[in-house]
Amino acid sequence: MALITISGYPCSGKSRRAAQIKGHIEKRLADPDYTGPSLSVTVLSDDTLNIGREAYNDSRSEKPARGTLFTAVQRHLGSGTIVIVDSLNYIKGFRYQMYCAARETKVRVCTVYVLAPPEQCREWNKTSEGGHVYPPETLDNLIQRYEEPSSMVRWDSPLFTISWTDSDVPADDIWRAATAGIVKPPNTGTQAVAKAPSDALRTLESTSTTLVSALVSEQASLGSLGGTLTLSLSSTVKARIALPARTLTLSELQRLKRQFVALHKRAITLGTTEKGAVDWSEESVAGKFVVYLEENLRP
């Protein structure tokens, strides 16, 4: 349904805002006047995923921490869930990555920027409890590296900025963004590439070989030049091919067969197909090979 990304300095009050947003949404979902789909609200945070504050001490430990968070986001995104990501989300590239995952899953997105001055964040960090304290040098480093969200870029919009002095969040605006906002379609960069079946190479090779053998045999038995032939490749697969008015040699047909196999082998091994169409059945390969032969055997 929606991805709500919380972003802000460390110890700027993001968890408090995430809790407020979750409370407002759940209250609306429980309202007797609500007639929309059945939804659940999930908050994903460093705490819920057991990511310690020490993970941000250096880039070597921070990278797998972000990977854990991103994997959890992908796992929870869906039509029946509103996912609130309560983490630093201070790198714009990571916010863009989550945005692409949301588009691929076809859910709505919005970003909540929790704004607090660095001095206030340092003060709150000192009073944090339960082992949720950043080392002072780590806190300063994260603040310096923070990449502020912008409503001018698509992956941060719609953007809602909440000051540390605000008593509550703009619940109405966030609710509309999560339940009635525009669902952006996946772009080509986020769509999964269609995969060919595991036996596609074998089917490609065997079907083209069978068709060449059938063509040579049929031509020899008929003793005619040119015309349309119907070739039986198996008990269920037949192929019709229009031939030029001349005798086709085995070497010529084998050369064209090798070219055809090489042409389609790359698509199979790379996992790519024509605009996502995956049909590597014997009948489909035979049809493609017939078209290829007719185009290359023209007088």
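In the annotation of an unreviewed UniProt entry, the protein chain is listed under the name Protein KTI12 and assigned to Paxillus rubicundulus Ve08.2h10. Database annotation for the protein chain, UniProt heading Sequence similarities (unreviewed entry): "Belongs to the KTI12 family."

**Focus on the overall build of the protein chain**
Of the regular secondary structure elements, the protein chain holds nine helices and seven strands. A principal-axis box enclosing the C-alpha atoms of the protein chain has dimensions of 95 × 50 × 30 Å. Burial status across the protein chain gives 43% buried among its 299 residues. Across the protein chain, every contact between residues at least 6 apart in sequence was considered, and the portion connecting residues at least 24 apart equals 77%. Positive and negative charge centroids in the protein chain, built from 35 and 32 side chains respectively, lie 7 Å apart.

**So, helix α2 (residues 59-76)**
Over its 18 residues, α2 runs 26 Å from end to end, which matches the ideal 26 Å to within 8%, given 1.5 Å per residue. If you check which residues of α2 are buried, you get E62, A65, L69, F70, A72 and V73. Down the axis of α2, the buried set is contained in an arc of 160 degrees. They therefore lie on one face. Of the exposed residues in α2, the ones pointing more than 90 degrees away from its buried face are R60, K63 and R75. Buried-residue contacts for α2 involve β1 (2-8), β2 (40-45), β3 (81-86), α3 (92-105) and α5 (136-145). Between the side-chain oxygen of the N-cap and the backbone nitrogen of R60 there are 3.0 Å, and the N-cap of α2 in question is D58.

**Structural notes on the packing of aromatic side chains**
Counted by the stated rule, this structure contains 10 aromatic pairs. With a centroid separation of 6.1 Å and 75 degrees between ring planes, the pair formed by W124 and W164 is classed as edge-to-face. With W124 in helix α4 (residues 118-126) and W164 in the loop between β5 (159-163) and α6 (171-180), this residue pair connects regions lying 40 residues apart in the sequence. The exposure class of W164 is partly exposed, given its relative accessible area of 34%.

**Some remarks on the pairing of β2**
Pairing geometry for β2 and β3, over six bridges, is parallel. Bridged to V41 within β3 is I82. For the crossover from β2 across α2 to β3, the handedness is right-handed.

**A short note on the nonpolar core**
L3, V73, L77, V85, M98 and Y134 are the most contacted members of the largest nonpolar core, which has 35 residues in total. Broken down by element, this core gets its largest block of residues, six residues, from α3. Apart from residues lying up to four places away in sequence, L77 is in contact with A2, L3, V83, A101, A102, T105 and V107. The next biggest cluster of nonpolar side chains, apart from the first, holds 27 residues, and it includes L211, A239, I241 and F289.

**Quick look at the pairing of β5**
The side-chain alternation of β5 yields one buried face, formed by F160 and I162, and one unburied face, formed by L159, T161 and S163. Inspection of the sheet shows strand β4 (residues 108-115) paired to β5 by five bridges, in the parallel sense. Across the sheet, residue T111 finds its bridge partner in β5, namely L159.

**A look at the packing of helix α7 (residues 200-222) against helix α9 (residues 282-296)**
At their nearest, the axes of α7 and α9 sit 9 Å apart, and the two run at 55 degrees to each other. By the angle class used here, α7 and α9 are oblique. The interaxial crossing formed by α7 with α9 has right-handed handedness. On α9, the residues touching T203, L204, T207, S208, L211 and V212 of α7 are E282, V285, A286, F289, V290 and L293. The class makeup of the residues in the contact of α7 with α9 is eight nonpolar, three polar and one charged.

**Structural notes on unusual backbone geometry**
A cis geometry characterises the amide bond from S157 onward to P158, with omega recorded as -5 degrees. By the secondary structure assignment, P158 is in the loop between α5 and β5. In the Ramachandran plot, N50 falls in the positive-phi region, its phi being about 60 degrees despite a non-glycine side chain. Position of N50 relative to the elements: it lies in the loop between β2 and α2. For N50, a relative accessible area of 71% translates into the label exposed. The phi torsion at K106 lies on the positive side, around 60 degrees, for a residue other than glycine. Mapped onto the elements of the fold, K106 is located in the loop between α3 and β4. Classification of K106 as exposed rests on a relative accessible area of 54%.

Scoring rules and cut-offs
Residues numbered from 1 in each chain as written. Predicted model: local features only at pLDDT ≥ 70, side-chain atom pairs only at ≥ 80, totals over all residues. Heavy atoms only, no water. UniProt positions renumbered as here; feature names shortened; annotations may be inferred. Helix = DSSP H or I, 4+ residues; strand = E, 2+ residues; numbered from the N terminus. Buried < 20%, exposed > 50% of the residue type's maximum accessible area, 1.4 Å probe, protein only. Contact = heavy atoms within 4.5 Å. Lys, Arg positive; Asp, Glu negative; His and termini not counted. Charge placed at Lys NZ, Arg CZ, Asp CG, Glu CD. Expected span 1.5 Å × (residues − 1). Arc of directions from axis to C-beta. Polar contact = N/O pair within 3.5 Å; in protein donor to acceptor, adjacent residues only side chain to side chain. Phe/Tyr/Trp six-rings, centres within 6.5 Å; stacked < 30°, edge-to-face > 60°. Pairing = 2+ DSSP bridges. Right-handed = clockwise from strand over helix to strand, strands pointing away. Core = buried A, V, L, I, M, F, W, Y, C linked by side-chain atoms within 4.5 Å. Axes fitted to C-alpha atoms, helices over the stretch in contact; angles between N-to-C directions. Parallel < 35°, antiparallel > 145°, perpendicular 65-115°, else oblique. Left-handed = near helix turned anticlockwise from the far one by under 90°. Nonpolar A, V, L, I, M, F, W, Y, C, P; charged D, E, K, R; others polar.

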